[in-house]
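Topology and contacts: notes
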Amino acid sequence: MNWFESYESEIRAYSRAYPAVFVKGDNARQTDEEGKEYIDFYAGAGVLNFGHNNPKLIQAVIEYLQSGGVLHTLDMMTPPKRAFIQAFVETILQPRNMDYKLQFMGPTGTNAVEAALKLARRVTGRGEIVAFTQGFHGMTLGSLACTANEYFRNASGVPLNHVAHWPFETHKGGGMESLKTLRAMYENSSSGLEKPAAFIIETLQAEGGVNLASKEWMQALQALARDLGALLIVDDIQSGCGRTGSYFSFEDCDIDPDIITLAKGIGGIGTPMAMNLVKTEHDAHWQPGEHTGTFRGQNISFVAGREALHYFEDDELLSETRRKGEIMAEQLSSIAEKYTAKHFSVRGKGMMQALDIGDGALAKKIARDCFDHGMLFGPCGVGGTVLKLIPPLTIPDSDLLEGLNIFGQAIDRQMGA
Ligand SMILES: Cc1ncc(COP(=O)(O)O)c(C=O)c1O
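What you see is a predicted model; the values in this text were computed from it and never measured. (Residues numbered from 1 in each chain as written. Predicted model: local features only at pLDDT ≥ 70, side-chain atom pairs only at ≥ 80, totals over all residues. Heavy atoms only, no water.)

A look at empty space enclosed by the protein
Applying the stated criterion across every chain yields a total of one cavity of 30 Å³ or more. Size it by volume and the largest cavity reaches roughly 30 Å³. When grouped by side-chain class, the residues that make up the lining of the largest cavity number seven nonpolar, two polar and no charged. (1 Å grid on protein atoms, 1.4 Å probe; cavity = no way out; pocket = protein on both sides within 12 Å on 5 of 7 lines; lining within 4 Å. Points joined across faces, edges and corners; volume = space filled by probe spheres on them. Nonpolar A, V, L, I, M, F, W, Y, C, P; charged D, E, K, R; others polar.)

So, in structure tokens, the structure goes:
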């Protein structure tokens, strides 16, 4: 009996693309029930930045479990929560001269986005949000209204209102000119546009196809938000937490977002956790428990998440991320050069690198071929044409190179080379 096919909902997605029952994980490797190993270039869609079963994180969790520490306490105060807050402030915020309150909510990314949208609307007294083409912000109704993907939007069953979509910088018609147009429209009282509560943006769009906004564009967007009295929300749920070679994806943009949404990697070992960084003056608009949730921080994630923050006490992990990201980009560029006539494009930052092959059916075949040969990754972007690689930041060079090798060979096979 295949219990999954017989009884699990039709909504199953990844398990269709990767038809194996996974039993073990060790850094960048996953093993299935048959004992076959896979090199993981998907890392739980950006959750497992520190690898599967990171020994230091596991040890911290085991010690906590054996100590009889409380596991679930709603949003009550616990030592792991205090330790996480202190470590986050001292390791991440203070060295960057960033001053934010830490808001915990239900533990998935979409919860963080919902909270950010609510607060922006509360602070400004406005209803409209501006999101961008190909942005991905979650599946609950508020965040889904900001998510651009038609397939996901169609599942909503109700109109997704109060969000205007504008071209992301790299989209056709995007760029600086498009922000100028948007500014001119907002300045024209007869343009029909209402001033927004917030702009929500991923500096590096992940699910949307690995599209990177420039410093110049992010600064212009922030200036526009400020001039309109709107908030700037940066959604760093997939691109934050070290993925791009800096803790936040936007650190080289010299911007100062009003709200930063985080989730996925901050829980460290793959247990869920979400957190918004909120400017104090905005945070003051919340009333106690207004955006409540049963799992507003749970202690295993605080313990593992706190342990993971040790990785950011110096530059070692981040410089390694930049170095490995260059290796990935070079390999992808050499594949693109090999197939020059196909006009593949290589995009990314740090250890989120991608090859856009412009063909969703072929991308699926390549992903399946990689799976068959022991490497996991997921296509993304419009029509699924973008082969996005996001291995754990802790992947050893040997696995990185082996995984890239399997990837290159799968492309050759599927291209008939
Ligand atoms: C940028 C971004 N925002 C929000 C989300 C939603 O997170 P979750 O699936 O945990 O609700 C995701 C998930 O992939 C994401 O990549």
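So much for the structure itself; the text now carries on.
A short note on the side chain of Thr 124
Checked against the element boundaries, Thr 124 lands in helix α6 (residues 109-124). Reaching out from Thr 124, the side chain makes a polar contact with the backbone nitrogen of Arg 126 at a distance of 3.2 Å. Residue contacts for Thr 124: discarding those within four places in its chain leaves Ala 197, Gly 229 and Leu 231. (Helix = DSSP H or I, 4+ residues; strand = E, 2+ residues; numbered from the N terminus. Polar contact = N/O pair within 3.5 Å; in protein donor to acceptor, adjacent residues only side chain to side chain. Contact = heavy atoms within 4.5 Å.)

Structural notes on the environment of Met 375
Tracing the sequence through the fold places Met 375 in strand β15 (residues 375-376). Residue classification places Met 375 among the buried residues on the basis of a relative accessible area of 0%. When the C-alpha atoms of Met 375 and Phe 407 are compared, they prove to be 7.4 Å apart, with 32 residues separating the residues in sequence. (Buried < 20%, exposed > 50% of the residue type's maximum accessible area, 1.4 Å probe, protein only.)

Some points on the site of the ligand
Every residue close to the ligand is listed here: Thr 108, Gly 109, Thr 110, Phe 136, His 137, Gly 138, Glu 202, Asp 235, Ile 237, Gln 238 and Lys 264. The separation between an oxygen atom of the ligand and a polar side-chain atom of Gln 238 is 2.9 Å. Coverage of the ligand by the protein chains reaches 83% of its 390 Å² of free accessible surface. For the shell around the ligand, the residue count by class is two nonpolar, six polar and three charged. (Near = heavy atom within 4 Å. Areas by Shrake-Rupley, 256 points an atom, 1.4 Å probe, with all protein chains shown as cover.)

A look at the layout of surface pockets
Empty space within the second largest pocket amounts to approximately 560 Å³. If you list the elements that add at least two residues to the lining of the second largest pocket, you get α1 (3-7), α2 (14-17) and α3 (43-46). Taken together, the residues that form the lining of the second largest pocket break down as 13 nonpolar, five polar and five charged.

A few points about helix α14 (residues 360-372)
Since the α-helix advances by 3.6 residues per turn, residues separated by three or four positions end up pointing in the same direction. With 13 residues, α14 extends 18 Å from end C-alpha to end C-alpha; this agrees with the ideal 18 Å at 1.5 Å per step. One side-chain oxygen of the residue at the start of α14 lies 3.1 Å from the amide nitrogen of Ala 361, identifying that residue as Asp 359. Gly 374 occupies a position one or two residues after α14 and carries a positive phi of about 90°. (Expected span 1.5 Å × (residues − 1).)

With respect to the domain arrangement of the protein chain
Once the domains are mapped, the protein chain shows domain 1 (19-48 + 317-415) and domain 2 (58-312). With centres defined by C-alpha atoms, the gap from domain 1 to domain 2 works out at 26 Å. Domain 1 puts 26 residues into the contact, and the matching count from domain 2 is 27 residues. Note on domain 1 versus domain 2: buried area summed over both sides is about 2,100 Å², and carbon and sulfur give 59% of it. For the pair domain 1 and domain 2, the interface holds two salt bridges. Among the salt bridges present, the one from Lys 388 reaches Glu 207, with a minimum N-O distance of 3.0 Å. (Domains from an automatic or database assignment. Buried area = accessible area lost by both parts, 1.4 Å probe. Salt bridge = Lys/Arg side-chain N within 4 Å of Asp/Glu carboxyl O.)

A word on the nonpolar core
Counting residues in hydrophobic clusters, the biggest one holds 86 residues, and the most contacted among them are Phe 88, Phe 199, Phe 248, Leu 277, Leu 355, Phe 377 and Phe 407. Here the element with the most residues in this core is helix α13 (residues 316-338); it accounts for seven residues. In terms of domain composition, this core takes at least three residues from each of domain 1 (19-48 + 317-415) and domain 2 (58-312). Formed by 26 residues, the second largest nonpolar core is a distinct cluster that contains Leu 119, Leu 231, Ile 233 and Ala 263. (Core = buried A, V, L, I, M, F, W, Y, C linked by side-chain atoms within 4.5 Å.)

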